[in-house]
Amino acid sequence: MDAYDWQVIPNNLQFLMQGLFTTFQLALVAICGGLLLGILVGMARLSSVRVIYYPATAFVNVMRSLPLILVIFWFYFLVPLMAGRPMGDFFSACVAFVVFEAAYFAEIVRAGIQSISTGQEQAAYSTGFNYRDTMRYIIIPQALRKMVPSLLTQAVVVFQDTSLAYVIGLKEFLRSASIVDAREMRSVELYAFVGVVYFLICFTMSKLTKRLEVKRGHA
Amino acid sequence: MLSYNFNWSIIWTEPYGQWMLEGIWVTIRLGLICWFIALALGIIIGTFRVTPFRPLRVFGAAYTEIFRDIPLLVQLFFWYFAAPSILPKAIEMWLYRGLPNSEFWIVVVGLSVYTSSRIAEHIRAGMQSISQDQYHAALSTGFTHFQTYRFIIIPYAVRIMMPPLTAECLTVFKNTALAMTVGVLETTFMSQQIEAYTFQGIEATTAASLVYMGITLSVVLIMGFVERRLAVPGLITRTGGR
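Along each chain, residue indices are assigned from 1 in the same order as the chain's sequence is written. Naming scheme: in the order in which they are written, chains are lettered from A and ligands are numbered from 1. With pLDDT at 70 or above as the cut-off, local features in this predicted model cover only qualifying residues; side-chain atom pairs require 80 or more to be listed or tallied, and sums for whole chains, interfaces and linings still use all residues.

Caption draft 1: Representation of the overall build of chain A within the structure. Each helix is a run of H or I in the DSSP string that is no shorter than four residues. Each strand is a run of E no shorter than two, and both are numbered from the N terminus. Helix and strand counts for chain A come out as nine helices and zero strands. In chain A, the succession of α and β elements from N to C terminus is α-α-α-α-α-α-α-α-α. Overall, chain A is about 75 × 50 × 25 Å in size when its C-alpha atoms are taken along their principal axes. Burial in this document is a count-based property: other C-beta atoms within 10 Å of a residue's C-beta are tallied, and the residue is buried at 20 or more, exposed at 12 or fewer, or partly exposed in between, with C-beta positions derived from the backbone. Classification of the 219 residues of chain A by burial places 40% in the buried group. Contact between residues is assigned whenever the C-beta positions, reconstructed from backbone atoms, fall within 7 Å. When contacts within chain A are restricted to residue pairs at least 6 apart in sequence, long-range pairs at least 24 apart make up 74% of them.

Next up, the structure:
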């Protein structure tokens, strides 16, 4: 390869942007779904009921000891079997990401809930709240507010992680670039472009997170 | 059409069992090599970030930001596909053509650099968490700058850094699975190859999962041992379950 030809980027911009859009979609599903499931699992991790505590703990520890790629493959095989019919790359990737990221979100949620003083909980109980209402109106809202920086950091990680959906052939951003590369043989330009786009998004996000953290710290 | 016949013996029949063992060996080798290179690089870069010399600080900050904010897979692809044509000719010849199983060493470069940027952050945080008073107290007792670091700051910082470094060590081993995308024959690659040959995807993936869980458990045990040996009573209070 002699000279660089950056023209390859604008020429295939639409295709690449479609990939980036898929990446965003997957990240959104993974973050929202992962957080919701993560809140449930995080609460279960703090449960005093053993049949709730042990499965949740096992789930978190197993997920956190597996590479994401393997989890993606897992659901790539399992989802069609459970559904009884092929469900497509995007769907099985979504399930894999929600389940995998839930384990990480759960640990953040657990730490967040633990950071709320037990006085709050006792006060709620003595005012006549039951467990559900205490969690729903007192603990979770405060805990979530405290967790925001860690949750945002994790969201950036999830966004980066979505690139692994590449392995099951999902046409996300990286896969789109590699498809274009196979045709145009412009590896340097394409992967540099992908890297720069990811960098700009993640850098901006983490800088905003840091600023938020500093603001919180002073408040 | 989508019913599934389990055949667990596939994991240890020839040649698949052999493949799995080879994959495990590559995973362990890759993880260990990357871990030690990343640790060395990370300590250097992390130290750059707390030096009083500004250019080094800026370099350290740029290094960590760049390698942390780009997904590892993109970085690996860059090293694998793009780097050969921008690196100097001599390095390219040596790394990409000269070496046997060059993919392995390309992943070593990519994964080490990526991990080192994350380790550097932990090192920096650990160093900065030591109160300035310790430093001033040491200097006023007559310690030199070097001695202060050698006897006061580093011994404390190392202990504070141990838990995050344990997590990072686990991450390295998990991240070696990404090497399959550039054709390194490690555990995940082998499990998927067994799937491709036998269609027994669940068994093969289960086997790979057990391997990673075993590696994770070993790392947690080893690092826990080191942590306990180094622990200063009362310095780090462990919180949370375990």
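Caption draft 2: Up close: unusual backbone geometry. Even without being a glycine, methionine 185 of chain A presents a positive backbone phi close to 55 degrees. Among the structural elements, methionine 185 of chain A can be located in the loop between helix H8 (173-184) and helix H9 (187-218). For methionine 185 of chain A, a count of 12 C-beta atoms within 10 Å corresponds to the exposed category. With a phi close to 60 degrees, phenylalanine 199 of chain B is a non-glycine residue in the positive phi region.

Caption draft 3: Layout of the packing of helix H2 (residues 13-45) of chain A against helix H5 (residues 89-115) of chain A. All names here are of chain A. Fitted lines through C-alpha atoms serve as axes, helices being fitted only where they are in contact, and the angles separating the N-to-C directions of these axes extend from 0 to 180 degrees. Interhelical geometry of H2 versus H5 gives an angle of 45 degrees and a closest axis separation of 5 Å. By the angle class used here, H2 and H5 are oblique. H2 and H5 meet at a crossing whose hand is right-handed. Two secondary-structure elements touch here, H2 through Leu26, Val29, Ala30, Gly33, Gly34, Leu35, Leu37, Gly38, Ile39, Val41, Gly42 and Arg45 and H5 through Ala93, Cys94, Phe97, Val98, Glu101, Ala102, Phe105, Ala106, Val109, Arg110 and Ile113. Of the residues assigned to the contact of H2 with H5, the class counts are 16 nonpolar, four polar and three charged. Should an angle lie under 35 degrees it is considered roughly parallel, over 145 roughly antiparallel, and from 65 to 115 roughly perpendicular; all remaining angles are considered oblique. Left-handed is the label given to a crossing in which the near helix is rotated counterclockwise from the far helix by less than a right angle, and right-handed is the label when the rotation is clockwise. Here the term charged refers only to Asp, Glu, Lys and Arg, the term nonpolar to Ala, Val, Leu, Ile, Met, Phe, Trp, Tyr, Cys and Pro, and the term polar to all other amino acids, Gly among them.

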